[in-house]
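Below, each chain spelled out in residue letters.
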Amino acid sequence: MSELSRLRWHCRRGMRELDLLFERFLDHAYADLAEEDRRRFTELLTHEDDTLFGWFYQGEVPEDAELARLVERIRENFGLSG
């Protein structure tokens, strides 16, 4: 299984909103990430859906500054930035 296929599988969440967000990011922006941000994206996917939903749709911010930067980049890609 390729890296992208594996990630696509892990992007399948329990919430349709998150599925759409991550699928779009994989299709449109993942390839442009630096290796460190790719690792961080994999780390991001280990968080619970309710935490992710808070970060992407309720304006909550991860404590880790680099993770927060990636969350904001994904939000911008999906048109969710304020």
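One structure accompanies this document, and this report is about it.

What counts as what
- Residues numbered from 1 in each chain as written.
- Predicted model: local features only at pLDDT ≥ 70, side-chain atom pairs only at ≥ 80, totals over all residues.
- Heavy atoms only, no water.
- Helix = DSSP H or I, 4+ residues; strand = E, 2+ residues; numbered from the N terminus.
- Rg over C-alpha atoms; globule rule 2.2 N^0.38 Å.
- Buried < 20%, exposed > 50% of the residue type's maximum accessible area, 1.4 Å probe, protein only.
- Areas by Shrake-Rupley, 256 points an atom, 1.4 Å probe, with all protein chains shown as cover.
- Lys, Arg positive; Asp, Glu negative; His and termini not counted.
- Charge placed at Lys NZ, Arg CZ, Asp CG, Glu CD.
- Axes fitted to C-alpha atoms, helices over the stretch in contact; angles between N-to-C directions.
- Parallel < 35°, antiparallel > 145°, perpendicular 65-115°, else oblique.
- Left-handed = near helix turned anticlockwise from the far one by under 90°.
- Contact = heavy atoms within 4.5 Å.
- Polar contact = N/O pair within 3.5 Å; in protein donor to acceptor, adjacent residues only side chain to side chain.
- Salt bridge = Lys/Arg side-chain N within 4 Å of Asp/Glu carboxyl O.

In this section: the overall build of the protein. Helix and strand counts for the protein stand at five helices and zero strands. Counted from the first residue to the last, the protein has its helices and strands arranged as α-α-α-α-α. Whereas a compact globule of 82 residues would reach a radius of gyration of roughly 12 Å, the protein reaches 12 Å, a difference of no more than 12%. Counting only C-alpha atoms and orienting by the principal axes, one finds that the protein spans roughly 35 × 25 × 20 Å. Across the 82 residues of the protein, 35% fall into the buried class. Put simply, the protein shows about 5,000 Å² of open surface, and 47% of that area lies on carbon and sulfur atoms. Charge centroids of the protein, computed over 12 positive and 19 negative side chains, lie 5 Å from each other.

Orientation of helix H1 (residues 3-10) relative to helix H2 (residues 16-28), taken along the N-to-C sense of each, is 165 degrees, at an axis distance of 9 Å. With respect to their mutual orientation, H1 and H2 come out roughly antiparallel. Seen from above, H1 lies across H2 with right-handed handedness. Residues Leu4, Leu7 and Arg8 of H1 form the contact with H2, whose participating residues are Glu23, Leu26 and Asp27.

Right, let's get into the side chain of Arg13. Looking at where Arg13 falls in the secondary structure, it is placed in the loop between H1 and H2. Residue Arg13 is classed as buried on the basis of its relative accessible area, which comes to 18%. A polar side-chain atom of Arg13 sits 2.9 Å from the main-chain carbonyl oxygen of Leu45. The contacts of Arg13, once residues within four sequence positions are left out, are Leu18, Asp19, Phe22, Leu45, His47, Glu48, Asp49 and Leu52.

Scanning the entire structure with this criterion turns up nine salt bridges. Measuring nitrogen to oxygen at the nearest pair gives 3.3 Å for the salt bridge that ties Arg39 to Glu43. With Arg39 and Glu43 both in helix H3 (residues 35-44) and four residues apart, this pair spans about one turn of that helix. Overall, Arg39 belongs to the partly exposed group, its relative accessible area being 41%. Of the residues examined, Glu43 reaches a relative accessible area of 30% and is grouped as partly exposed. When salt bridges that share partners are traced, they join Glu36, Asp37, Arg39, Arg40, Glu43, Glu66 and Arg69 into one network.

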